[in-house]
Every structure is written in structure tokens, then in C-alpha cells.
Amino acid sequence: MSFQIIEQSTKYDVCIVGSGAGGGMAAKILADKGFKIALVEAGPNFDPANPEQRTQLRWPYESPRRGASTVRAFGDFDMAYGGWQIDGEPYTKAPGTEFDWFRSQMVGGRTNHWGRISLRFGPLDFKRKDFDGKGDNWPIGYEDVRPYYDKVDKLIGVFGTKENIPNEPDGFFLPPPKPRLHELYLKKGTSKVGIPMIPSRLSILTKRVNKKRQACFYCNQCSRSCSVYGDFSSSSVLVNPAIETGNVDLFTNAMVREVITDENGKASGVYYINKEDGKDYRIKAKVVILAASACSSARILLNSKSTTHPNGLANSSEVVGKYLHDSTGASRMAFMPELMDRKRYNEDGVGGMHMYTPWWLNDDKNLGFSRGYHIEYWGGMGMPSYGFGFNTEFLHTLAPQVLGDRKAGGYGVGLMQDVKRFYGSTLGMAGRGESIPRAENRCEIDSQKVDKYGIPVLKFNYKWSEEEVKQAAHMQDSFEAIIKSIGAIPLGDKPGKETNYGLENPGRIIHEVGTTRMGADATTSVLNEYNQAHDVSNLFVVDGGAFVSQADKNPTWTILALAWRASDYLAEEMKKGNI
Amino acid sequence: MDRRESLKTLIIGGAGTTMLLSCRIDDKPDTVGISENIESDFDYGRTPEEERWDENLMSEQFYTENELATMAILADIIIPGQGDYPPASKTGITDFIEFISKDIPEHQTPMRGGLRWLRTESHKRFDKDFTEISSEEQLKIVEDIAYPMDVKPQFSQAAIFFSRLRNLVTTGYFTSKPGIEFLGYMGNKPNVWDGVPQDVLDEHGLAYDEKMLKVAIKPEERNEIEDWNDYIV
């Protein structure tokens, strides 16, 4: 059979690659404005209300592995199709460097399982270079994005409280849920050691924002994606309404290989491989928006080589793939004797912490590192899954009083009772910090390797600097102070220098951004301040790739705001005939 | 898991959702149907690839009959049950360990080796297989390997095996339906969170402050659609 590329007969106004936060938002905004859209997704269709895909409200014993994380990286019920490795779609790392890349291929992408932590960047976060001389400023500031944060808050819904903290802007907040017991202990403890704790800001509906989505029913399972749409997933909240306009054709299991350009170097569509029939297809569009995730979009651009774009598309600056950066992460667990023998009640709450610690030392210039971190907490009487009850003998050594004349470990009714007594007495905390973007931390095309579709794969090259290591050391000190402040016992040894203070590998926090950064100077950035490629006026990138720096804030809320802003700009430019 | 059992769970899940739907403001339930469409053998939301993977693992057998019988005895020594709560062997524990040992192959060699050690030890001491000796004799061996922080040098490897087994039995039991009931986990169902119960707050000497009580969601308002008109950021 001869090789043939099948052309779609429709010429779309806009082809959007990826249906996560950025792609979903662009699809929703542009579909509402009447544009004809091809929405192209590498994975299958997904709707959290689809009973065949539902994992919400399932019990561990419904899974033969009791929820273990062998098949899905965050456990059997987590709603991400993909993971750290995908069969037939490898990536490589330069020797001596580390990067772990999490991909979720399904409608809605990683928004189906994410932590719903929805933080605005503050004024300082857009202009960090002005403050510490490192990295680069964004070409825009908080006031440019603020109207879009407001719109996102109202459209999608986020709970929180007005706190008037300078670099933690307040928004349109739904009422927060009351803290859980361990969170009350933590609040009391942290206030004694000068570390603040405020209600968390999560895109979960404690009240409704429209008639299509119900309020949260407190099952704690946002990572499974909510069947009544009580949390934000791009699939249920953006893609579904976009499709309902009748303006969107959704292409699923469609793996985009490259962006096609015409003789003038303008984008004219995309080539994709249909994973179901294995054939190549072409979609024609007046505008192409990439939202495939920071690294996937960079990969598509770098693979879109032509005579007019020999380095890959939109890459005259040679910045595509560079300045890749993830949040830093480190964590610690603790055992709190006062939380043994707890009275039972349903403590599930929302899918995540009810309180957190925003970065509190912006004014301290003597820390030895430049950028901050926030602290997330977990604990409580959660649903058991694989791993529950492991190493009870270790808890025995920390609370020998439960043993009487027995010895640590053991068996029998005594052991059963011990597990019951320890239930809900462990908790943990994790720092999520800002790293400093550097050009040498990058993804590029591996000249030696292709995936099973024949698409050249990414090679990562990423190393933490002393900045991030010192920040992790500070996190560990904070964790110990917090644990001590509530009278708890830290578990395991304090991570030290030999492990970079427990600093996770780059990529591990799944906040990777920066690979197609925006900027005013076309020689040092890929996109302009509206996420539009400097080199190709009808090409946009609306995922985390556009970030100049990522604050210690989880990137999703900013991706959503910028994607909306870019979509408004694109619509105006098309109306004016500029695109 | 038994298909009837999973069906029952599904219907419970469906009923819960239906209860919630009664709280809806609009009357068109566009997110129902959770209890419909349950044709697949694995109905916990698998993708076709995942379903094939599970089926593949289930079609293989790792442990021998003797190993499974030995594990069932050990499981009931570790978790004997109490009152109305059954012992581990009645909660599908060997099915779980059989499956997880194929799913996480790192378990295979230490488990097989540990069970083999146990058989040898039983023959050495009592000249019979572990499954054929008396409960008292079984406990004599278990006593030597059940306390990892206090074990004689000649039993150190066996104690590591027993700790692994204790982990698997404990996790298997407390993720089973009776185990979850014994533990007293009360969630995984639609409900309305309104904070820590007052008697628990009192017991721990904690309280919600005025600000929190003022801003927190009031359960009776949860079905209202938020009105931003008077909201000032």
C-alpha cells in the first residue's frame, strides 16, 4: 500500500492541539465566539460522568491490586491515562541529568487528576528579576492578567479566603470548607513558630457556579475526576461546553506529528497519526494553537522543520525547548501520638488540603537562596488502599505504650487493634518551590530515536542548581519546626546533603513550563505577550510553555488565564484581518 | 472480585449519586447513568489496555496450592478476626497476594523463598509440612520470626519475609470490605462536610476561630449558585 496522507475536507478557523487546561480554555472561548474549531487530542475521549470510565466512589477491593500504583502512577483510581512512561513513546535524558516526564493522554489531559490548587501569581511573581536580579521578567505584569484571573475564578469556581497578602492576590472565592482536625493542630502549631497557614485555594465547588455542575459532595476524590463536575477538569468544564456550541470537531487518539506551513512560512494546519487506524491525516486551519503540554508543544515545533524554518517552527531565537523548569519538591512525614485512638467520623472533605502555607519570607534577603515555596499538607482518616498498614512495627517503636508486654511487629488481635489505634495519626507535608529558569535546562530532539509513530522523541537535559538545593534544605528545616510545633515525631531521618535534602528529580512535581517562553524580544523568546509566536503570526502556544518563570504557584490557574487572554487577542486580530 | 459483589457496589455508588441529584436546581439530570452500562468483566473504570493487562495477570498462576494453603494459615495467624469480623483468609487475602505478586514481581522471590524456608523449618523441627503441624507448632515457628527488632541471628532473613507477609496481609485485610468496617473508615460516600464534630474539638481542646466560622461554607447554601454581584475582591 502506498503511503498516503488523508486530508480532512473542512478547513477550520482554528486547530487546537491538546485538550487540557490551555487547549480546553481556548476551545471554549473561541467556540463561544463562533469560530470553527478542530480540537485534536492524543488520547481517547473522556468524561468523568461516563460510567465506563468512572473510578469515583469505588472501593479499594474493586481493584484486584487494591489501588496499587503499578498500572496508574498515582494508584488504580487516579484519572490519568498515561504516566511517567508510555509504551512505545519513550524519551531520553542526557547522561548525568534527570528529568521525569508525566504525560496524560485523554480529553482534559492532566486536569482530570490534578490537585486543584488554584493560585494566582502575584505582582512579584511576574517581575522576579527586578527583585533578585535572576532569570527574566515576564513581558506582562499582574494587572495585565488580573482581569482574566477574575474571569477564570467566576467561570470555573475556586474556594478560598481574602487575606490581603501582598504577593498572594485574592480572587472571587467561593466559601472554603472548615479545616480538618490535623489542620487545626497544624494551624495552632505553625502560628507558634511564625509560619502562616490560610485556607487553601482549590477549584472545587463548595457552592455552585452554574446549573450544569453540582456542588462538591466531599468524597476527597478529585484525583479521580468528579462525575457531577464538582471540581475543575477541562474535560467536563471546558471541552464539553465547547462541543455543545456545535463549533468544535473533536479528534481523539490523534497524535500530532508536526505543524504544516505554507510557502510564506505561515501555519496551515497539522499532520497527525490516527492511533486507531495507524494512518496519517492532515487538518487544515487558518490558525494553529498548540496546547499539548510544555514539552509536547516544544517537541511538535522542533519537529516542524521546513526550508523556511530549518530549526523547527517559531524557533529563529533557538529558544524552543530551553528554560524548561519544574517546581522544586521535598517532603516529610510525621506521626502524632495525640491523634491516636481517634473517634471515627467521615473526614474525607474535599479532594485535598483545607489549609496550606503560602510563602512567608519574601522580604528576607538572607536565606542563601532566591525564591520561595509554599507548603501543602495531608493527613486524616482517609480511605485505605494498597500500602495501608505497612510497617506497623515501625510505629510500634515510636509508640511503645500500645504494646504493653508485647514486642514490635507481632500478629493477632493485638496487631489488628494497633492498626486501628494508629489510623489517622500520621500526616505529611510537602514544599513546592520556585526554581530559577536557565537556558541550559532544556528538552531537545534526540537525533537517535523515534517513537512508535516514527516521531523523533525528546531528550531532556536538566540539572538543579545550588539555589534549588538550598531551598530544599530550608524546606526540611521548616518541616521539622512544624512537626515539632504540634508535638509530632518526624518519620525517618532528616534528608541531608547526600540526598540534596530530599529534593525530587526535575519533572517530578509535574509543573514543567517555560519551553516556549514569552518575551518582548524576539531574539530571546518564542512568543509575544499574547502567546503568539514572534516568527509565525497565526501560531499560538497556550500551555505552560509560555511561562517565563513559574512562581511557587501551581501553574494551572495562570495557564487558564493566559489562554483566555490569548484567545480574546486572537479573535480581535482575526476580526481586524491581521491574522 | 466476584462480579455480583462489584455489581452491588456499583449500585450503591449509583444510589449515592441519585441522592445527590435530588438536590439539583434544574431538573434535567445530565450526569446520571452511573449504574447503567456494566457489561465489562472489570468494571472499575479500566481502559481496554488496562483490562487486558488485568486479564493477563489473572490467567497466570504464580503460587502453588501448598504455598497458598500455607499463606492462608499465616494470614489467619496475623489477622485472626475478632467478634463478627472474619479472619483474613475469609476476605480474599490469598487471591489478593496471588494477584499482587504478579502485579509487583518484586514480591515473588522473597515470598517464594520465605515460604520455602518455612517448609524446611517445619520439616526440620516437626518432620512435617507447615500445613500439617498443629497450631501450637505453627506458632512456635512464627514466634521466632514475628518480631523484626528482636530476632535471633539465625532467623533474620525469615523475619524479613514475615514482615513482608505481615504488610501484605495487613494491607489486604484493611482494604477488604470487612477490614474497612473493622477499621471504622466512614467515608467514600456523598455527604456534607461541616467541620470536625464538636465533641472531638472539645476532646482535643481545639476550636474554630470567629473568622473561620464566618467565612466557611454553610451547608445549607451549598446548592445555591454563587452570585458575584456584590462581591468585592
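The structure displayed is predicted, hence computed values, not measured ones. (Residues numbered from 1 in each chain as written. Chains lettered and ligands numbered in written order. Predicted model: local features only at pLDDT ≥ 70, side-chain atom pairs only at ≥ 80, totals over all residues. Heavy atoms only, no water.)

**Remarks on the side chain of A:Q53**
Inference 1: Its place among the elements puts A:Q53 in the loop between β2 (37-40) and β3 (82-83).
Inference 2: A polar atom in the side chain of A:Q53 sits 2.9 Å from the backbone oxygen of A:N45.
Inference 3: If we skip the residues at most four places from it in the chain, A:Q53 touches A:N45, A:F46, A:D47, A:M79, A:Y81 and B:G45. (Helix = DSSP H or I, 4+ residues; strand = E, 2+ residues; numbered from the N terminus. Polar contact = N/O pair within 3.5 Å; in protein donor to acceptor, adjacent residues only side chain to side chain. Contact = heavy atoms within 4.5 Å.)

**Regarding helix α9 (residues 413-422) of chain A**
Inference 1: Within α9(A), burial applies to A:L415, A:M416, A:D418, A:V419 and A:F422. Looking straight down α9(A), one finds that the buried residues subtend no more than 160° of arc, so they occupy a single side.
Inference 2: Those residues of α9(A) hidden inside the fold are in contact with β11 (328-335) and α8 (392-398) of chain A together with α3 (65-78), α7 (156-174) and α8 (177-183) of chain B.
Inference 3: A:G424, located one to two residues past α9(A), shows a positive phi value of around 85°. (Buried < 20%, exposed > 50% of the residue type's maximum accessible area, 1.4 Å probe, protein only. Arc of directions from axis to C-beta.)

**Some thoughts on the UniProt feature "domain: Glucose-methanol-choline oxidoreductase C-terminal" (unreviewed entry) in chain A**
Inference 1: Using the residue numbers shown here, the UniProt feature "domain: Glucose-methanol-choline oxidoreductase C-terminal" (unreviewed entry) corresponds to residues 438-563 of chain A.
Inference 2: Along residues 438-563 of chain A, the helical share is 22% and the strand share 16%, with 24 Å between the first and last C-alpha atoms. (UniProt positions renumbered as here; feature names shortened; annotations may be inferred.)

**Concerning the sheet that holds strand β4 (residues 92-93) of chain A**
Strands in a sheet are paired, the pairing made by backbone hydrogen bonds, and the direction either parallel or antiparallel.
Residues and elements named next belong to chain A.
Inference 1: Spatial ordering of the open sheet is given by β4-β16-β15, a layout of three strands whose pairing is mixed. In this open sheet, the two strands that pair with only one neighbour each are β4 and β15 (442-450).
Inference 2: The pairing of β4 with strand β16 (residues 456-461) spans two bridges and is parallel. Within the sheet, the bridge partner assigned to K93 lies in β16 and is F460.
Inference 3: On the sheet, helix α7 (residues 294-303) packs against β15 and β16 and is oriented at approximately 60° with respect to β15. (Pairing = 2+ DSSP bridges. Axes fitted to C-alpha atoms, helices over the stretch in contact; angles between N-to-C directions.)

**A few points about the UniProt feature "domain: Glucose-methanol-choline oxidoreductase N-terminal" (unreviewed entry) in chain A**
Inference 1: Here the UniProt feature "domain: Glucose-methanol-choline oxidoreductase N-terminal" (unreviewed entry) sits at residues 203-326 of chain A.
Inference 2: Counted over residues 203-326 of chain A, helix gives 17% and strand 25%. Its end C-alpha atoms are 21 Å apart.

**Comments concerning unusual backbone geometry**
Residue and element names in this part refer to chain A.
Inference 1: Phi is positive for N220, close to 70°, though the residue is something other than glycine.
Inference 2: Here N220 is to be found in the loop between β6 (198-199) and α6 (234-244).
Inference 3: For N220, a relative accessible area of 35% translates into the label partly exposed.
Inference 4: At Y501, a residue that is not glycine, the phi angle is positive and equals roughly 60°.

**Looking at the nonpolar core**
Inference 1: Formed by 208 residues in total, the largest nonpolar core has its most connected members in A:I289 and B:I97.
Inference 2: Examining the composition of this core, we find that twelve residues originate from one element, helix α11 (residues 556-575) of chain A, more than from any other.
Inference 3: The next biggest cluster of nonpolar side chains, apart from the first, holds nine residues, and it includes A:F335, A:V402, A:L403 and A:F422. (Core = buried A, V, L, I, M, F, W, Y, C linked by side-chain atoms within 4.5 Å.)

**A few points about the interface of chain A and chain B**
Inference 1: Listed as interface residues are 97 residues of chain A and, on the opposing side, 103 residues of chain B.
Inference 2: Of the roughly 9,200 Å² buried between chain A and chain B, counting both surfaces, carbon and sulfur atoms make up 62%.
Inference 3: The partner of B:D150 in a salt bridge is A:K407, with the nearest N and O atoms 3.3 Å apart.
Inference 4: Applying the counting criterion to the chain A and chain B interface returns 43 residue pairs in polar contact (both at pLDDT 80 or more).
Inference 5: Only α4 (142-156), α5 (181-192), α8 and α9 of chain A provide two or more residues apiece to the side of chain A that touches chain B. (Buried area = accessible area lost by both parts, 1.4 Å probe. Salt bridge = Lys/Arg side-chain N within 4 Å of Asp/Glu carboxyl O.)

**Digging into the sheet that holds strand β17 (residues 489-490) of chain A**
All names here are of chain A.
Inference 1: Taken together, four strands build an open sheet; the order of strands is β13-β14-β11-β17 and the sheet is antiparallel. Each edge of the open sheet carries a strand with a single partner, namely β13 (373-379) and β17.
Inference 2: Two elements, β13 and strand β14 (residues 426-433), share seven bridges in a ladder whose sense is antiparallel. Directly across from I375, in β14, lies its bridge partner G431.
Inference 3: The strands touched by α5 are β13 and β14; relative to β13, the strand with the most contacts, the crossing angle is about 140°.
Inference 4: Packing against the sheet, helix α10 (residues 466-485) makes contact with β11, β13, β14 and β17, and its axis sits at approximately 20° to β11.

**So, the pairing of β16(A)**
All names here are of chain A.
Inference 1: The pairing of β15 with β16 spans five bridges and is classified as antiparallel. Counted as the bridge partner of R442 is N461 from β16.
Inference 2: Linkage of β15 to β16, two consecutive antiparallel strands, is achieved through a turn of five residues, within which G454 is found at a positive phi near 85°.

**Some thoughts on α10(A)**
Inference 1: With 20 residues, α10(A) extends 29 Å from end C-alpha to end C-alpha; this agrees with the ideal 28 Å at 1.5 Å per step.
Inference 2: Phi for A:G487, located one or two positions after α10(A), is positive at around 70°. (Expected span 1.5 Å × (residues − 1).)

**Here we look at the pairing of strand β10 (residues 280-290) of chain A**
Consecutive side chains along a regular strand alternate between the two faces of the sheet.
All names here are of chain A.
Inference 1: Most of β10 is tucked away: eight of the eleven residues are buried.
Inference 2: As defined by bridge partners, strand β1 (residues 5-17) adjoins β10 across nine bridges and the pair is classed as parallel. Across the sheet, residue K11 finds its bridge partner in β10, namely K284.
Inference 3: Across five bridges, strand β9 (residues 267-274) lies against β10 in antiparallel orientation. Across the sheet, the residue bridging to G269 is K284, located in β10.
Inference 4: Between β9 and β10, which follow one another and run antiparallel, lie five residues, and G278 among them has a positive phi close to 75°.
Inference 5: As judged from the three bridges shared by β10 and strand β18 (residues 539-541), these two strands associate in the parallel manner. Paired with I289 across the two strands is F540, which belongs to β18.

**Structural notes on the packing of aromatic side chains**
Aromatic rings in a pair are described by how distant their centres are and how their planes are angled relative to each other.
Residues and elements named next belong to chain A.
Inference 1: Applying the stated criterion to the full structure yields 43 aromatic pairs over all chains.
Inference 2: Taken together, a centroid distance of 6.1 Å and an interplanar angle of 75° make the contact between F46 and Y81 edge-to-face. Taken together, the positions of F46 in the loop between β2 and β3 and Y81 in the loop between β2 and β3 put the pair 35 residues apart, joining distant regions of the chain. Pair check on accessibility: F46 and Y81 agree, each one buried.
Inference 3: Each ring, one from W359 and one from F369, has its centre 6.3 Å from the other, and the planes form 50°; the classification is tilted. With W359 in the loop between β12 (355-356) and β13 and F369 in the loop between β12 and β13, this pair connects stretches of sequence that are ten residues apart.
Inference 4: Counting every residue linked through ring pairs, the aromatic cluster contains Y91, F99, W101, F460, Y462 and W464.
Inference 5: Just above the ring of W101 sits the side chain of R103; from NZ or CZ to the centre is 4.4 Å. (Phe/Tyr/Trp six-rings, centres within 6.5 Å; stacked < 30°, edge-to-face > 60°. Lys NZ or Arg CZ within 6 Å of the ring centre and 35° of its normal.)

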